[in-house]
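Report on the structure
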Amino acid sequence: MPVYDSESIANSKSKFECTYKTFTSNNQTATPDAPILVLDNLSVAFTNDCVGTFTNPYRKTAFTIQTPDGDIFSNILLIDSRFESLIRWLGENKIKVKLTGENTARGYAVYKIREIAYNNSQKLSSEDGFLQFMIERLLESSALSENISDDELDESGDSMKVTSLTSISDFLNCAGITLPENIRLWARRNLAVARSNEVTPEEKRHAQRALSIMLNIKWKSNYFEAIDPDEARRILDEELFGMERVKQRIIETIIQINRTHTLPAYGILLVGPAGTGKSQIAYLIAKILKLPWSTLDMSSINDAEQLTGSSRIYSNAKPGIIMEAFNMAGESNLVFIINELDKATSGNGNGNPADVLLTLLDNLGFTDNYMECLIPTSGVYPIATANYKDQISAPLLSRFAIIDIPDYTREEKKTIFVEYSLPKVLKRIGLKENECRVQDGALDTVLDIFKDTTGIRDLEQAAEHIAAHALYLIEVEHKTEVVYNADMVKELFN
């Protein structure tokens, strides 16, 4: 809850003096109890909504309410410190807004600010929703520290993108405090380059593109909320058969996060034969952590530059795959699923991709050649998969907690086919269980056909083939049900 200073609610009669105090808050949702700002309601009868403008810096402490009988001034009493720069900016640009709030003992508690883009009002930047975009970023940020200077300082903004130089500049002025300090300074320098007449158009274009990428990422703290272990176990049991040791290791990781509220120092490496569900386990962990995920396929990466990006000195320069993953996720906390880590031992191009991964896995920050800025990685959780542990270099192995994924026994494969694979396929294509049945002898035949393969991927494809064939017989030959015996399966897979 926000901390209020009782002295700040003293009512000042002057419109030319600062009448407000700031308070600190980490609330991610604005409400009457946790407002963006509080206005003096002793002399103004506020309704739920009011339209007007914040005053300019000379008379910076009031909100001018437009009414049929003329303008009314209401002093600002309190402002969430995260929003002080935004309110000042709205006043300097005379942007008309609609405030939504509620009368409380403290005053009129404002919990929503929306732009009014018409009636001769200056429009925010150049795109609808920009104000809401900045407010959402500010709400998601932590309370400001004491040493940040003023210089640093539809209604959904989810689809907004900061792209134009105007919106980039406005964002830095109003919501720059949501950026890590090194990125905030980097952004100021790149904005100067993008506006400069002393550099080439190519340099200006690269600077603006880099700014757009960086500012559209939500830079979150590395504090993680507690995760319900019972819900995590339910998700694992629903999607994975057996694998008790694997599930136990994952739950142990969840409990560790709940105790420290930070990610473990080491990622997870899932090692096992092809088709044993390693990638599926990685996706489930991302789901349990409630984080976006991005996949790096090391078998297709033979040049370190693919990961680190290319220098801006080239006209066709672009960020690397890792930076693009942050960009696609839209936030700094995410799961990197590194597939086939055992293929990342050597490079055929410029540098070794395995060395780049070491930098990422150390959680000390990652530098992309195109962005030219150290990217915080404390909120990145790496989950890698590999078929062969002995083909991974010792330095890479030391960055992971290793979980061995054994192959399934014949009985386990039979249970998975009957209870998981076939029912899932039947449900997806709209068949009832009694319309497509597989006898025990037929199931043994399926297992015999794929006895030399590892994992269950071939069994899942077999279930798909059988279900599709049954659907054909029902729809085309008008059968009411199809019961597969051993001979039918042999003919089907011949």
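Residues numbered from 1 in each chain as written. Predicted model: local features only at pLDDT ≥ 70, side-chain atom pairs only at ≥ 80, totals over all residues. Heavy atoms only, no water.

Within an unreviewed UniProt entry, the label attached to the chain reads AAA family ATPase, and the organism entered is Lachnospira hominis.

1. A few points about the overall build of the chain
Along its length, the chain carries 16 helices and 16 strands. Per-residue burial over the chain gives 49% buried out of 494 residues. Carbon and sulfur atoms make up 47% of the accessible area of the chain, which totals about 24100 Å². (Helix = DSSP H or I, 4+ residues; strand = E, 2+ residues; numbered from the N terminus. Buried < 20%, exposed > 50% of the residue type's maximum accessible area, 1.4 Å probe, protein only. Areas by Shrake-Rupley, 256 points an atom, 1.4 Å probe, with all protein chains shown as cover.)

2. Description of the packing of aromatic side chains
Scanning the entire structure with this criterion turns up nine aromatic pairs. Ring geometry for Phe 241 against Tyr 420: centres 6.0 Å apart, planes inclined by 65°, an arrangement best described as edge-to-face. Highlighted residues: Phe 241 in the loop between helix 6 (229-239) and helix 7 (244-260) and Tyr 420 in helix 13 (residues 410-429), separated in sequence by 179 residues. The class for Tyr 420 is partly exposed, based on a relative accessible area of 23%. Between Tyr 283 and Trp 293 the ring centres are 4.7 Å apart and the planes differ by 40°, which places this aromatic pair in the tilted class. Residue Tyr 283 is found in helix 8 (residues 278-289), and its partner Trp 293 is found in strand 9 (residues 293-297); the two are separated by ten residues along the sequence. Grouped by ring-pair contacts, the aromatic residues Phe 130, Phe 133 and Phe 171 constitute a single cluster. When the ring centre of Tyr 370 is taken as reference, the NZ or CZ atom of Arg 312 above it lies at 5.6 Å. (Phe/Tyr/Trp six-rings, centres within 6.5 Å; stacked < 30°, edge-to-face > 60°. Lys NZ or Arg CZ within 6 Å of the ring centre and 35° of its normal.)

3. Description of the sheet that holds strand 10 (residues 334-339)
Spatial ordering of the open sheet is given by 9-10-13-8-14, a layout of five strands whose pairing is parallel. For this open sheet the edge positions go to strand 9 and strand 14 (400-404), each flanked by a neighbour on one side alone. Pairwise comparison of adjacent strand axes, ignoring direction, gives a mean angle of 20° for this sheet. As judged from the five bridges shared by strand 9 and strand 10, these two strands associate in the parallel manner. What sits directly across from Thr 295, in strand 10, is Ile 337. Helix 10 (residues 321-329) rests against strand 9, strand 10 and strand 13 (380-386) of the sheet, and its axis sits at about 140° to strand 10. Strands strand 9, strand 10, strand 13 and strand 14 of the sheet are contacted by helix 11 (residues 353-361), whose axis makes an angle of about 155° with strand 10. (Pairing = 2+ DSSP bridges. Axes fitted to C-alpha atoms, helices over the stretch in contact; angles between N-to-C directions. Contact = heavy atoms within 4.5 Å.)

4. Observations regarding helix 14 (residues 440-449)
Residues of helix 14 that are buried include every one of Ala 442, Leu 443, Thr 445, Val 446 and Leu 447, and no others. The secondary structure elements touched by the buried residues of helix 14 are helix 13, strand 15 (436-438), helix 15 (457-476), strand 16 (482-484) and helix 16 (486-492).

5. Brief notes about the pairing of strand 5 (residues 70-80)
Pairing geometry for strand 1 (residues 21-23) and strand 5, over three bridges, is parallel. Considered in strand 5, the bridge of Lys 21 is made with Leu 78. By the bridge criterion, three bridges tie strand 2 (residues 37-39) to strand 5 in an arrangement that is antiparallel. If you follow Leu 37 over to strand 5, its bridge partner there is Ile 79. By the bridge criterion, six bridges tie strand 4 (residues 62-67) to strand 5 in an arrangement that is antiparallel. Counterpart to Gln 66 in the pairing with strand 5 is Asp 71. Between strand 4 and strand 5, which pair antiparallel in sequence order, lie two residues.

6. Things to note about the pairing of strand 4
Bridge count for strand 3 (residues 49-54) against strand 4 is three bridges, and the pairing is antiparallel. Across the sheet, residue Gly 52 finds its bridge partner in strand 4, namely Ile 65.

7. Looking at the nonpolar core
In terms of nonpolar packing, the biggest core is built from 84 residues, with Leu 86, Leu 90, Ile 113 and Leu 341 touching the most fellow members. The element that contributes the greatest number of residues to this core is helix 2 (residues 130-140), accounting for seven residues. With residues near it in sequence (within four places) discarded, Ile 113 still touches Ile 36, Leu 37, Ile 87, Leu 90, Val 97, Lys 98, Leu 99, Leu 131, Gln 132 and Ile 135. (Core = buried A, V, L, I, M, F, W, Y, C linked by side-chain atoms within 4.5 Å.)

8. Considering the pattern of salt bridges
According to the stated counting rule, one finds 20 salt bridges in the structure shown. Where Arg 233 meets Asp 237, a salt bridge forms, and the shortest distance between an N and an O atom there is 3.1 Å. Separated by four residues within a single helix, Arg 233 and Asp 237 lie in helix 6, roughly one turn from each other. Asp 237 sits in the partly exposed class, given a relative accessible area of 30%. One salt bridge connects Arg 437 with Glu 481, and the closest N-O pair in it is separated by 3.5 Å. Note that Arg 437 is positioned in strand 15 and Glu 481 in the loop between helix 15 and strand 16, a separation of 44 residues in sequence. A relative accessible area of 38% means that Arg 437 is categorised as partly exposed. The exposure class assigned to Glu 481 is partly exposed, which follows from its relative accessible area of 38%. If you follow the salt bridges from partner to partner, you end up with Arg 233, Asp 237, Glu 244 and Lys 247 in one network. (Salt bridge = Lys/Arg side-chain N within 4 Å of Asp/Glu carboxyl O.)

9. Observations concerning the environment of Tyr 108
Checked against the element boundaries, Tyr 108 lands in strand 7 (residues 108-115). A distance of 2.9 Å separates the side chain of Tyr 108 from the backbone nitrogen of Gly 101, its partner in a polar contact. (Polar contact = N/O pair within 3.5 Å; in protein donor to acceptor, adjacent residues only side chain to side chain.)

10. With respect to the packing of helix 1 (residues 84-92) against helix 3 (residues 165-175)
Two elements in contact, helix 1 and helix 3, have axes whose closest approach is 7 Å; the angle formed by their N-to-C orientations is 130°. As far as their axial angle goes, helix 3 and helix 1 are oblique. The segment helix 1 lies against helix 3, with Ser 85, Leu 86 and Trp 89 engaging Asp 170, Asn 173 and Cys 174. Of the residues that constitute the contact of helix 1 with helix 3, the class distribution is three nonpolar, two polar and one charged. (Parallel < 35°, antiparallel > 145°, perpendicular 65-115°, else oblique. Nonpolar A, V, L, I, M, F, W, Y, C, P; charged D, E, K, R; others polar.)

11. Looking at the side chain of Thr 377
Structurally, Thr 377 can be placed in the loop between strand 12 (373-375) and strand 13. With relative accessibility at 1%, the residue Thr 377 sits in the buried group. In contact with Thr 377, not counting residues within four places along its chain, are Phe 326, Leu 360, Asn 363, Leu 364, Gly 365 and Phe 366.

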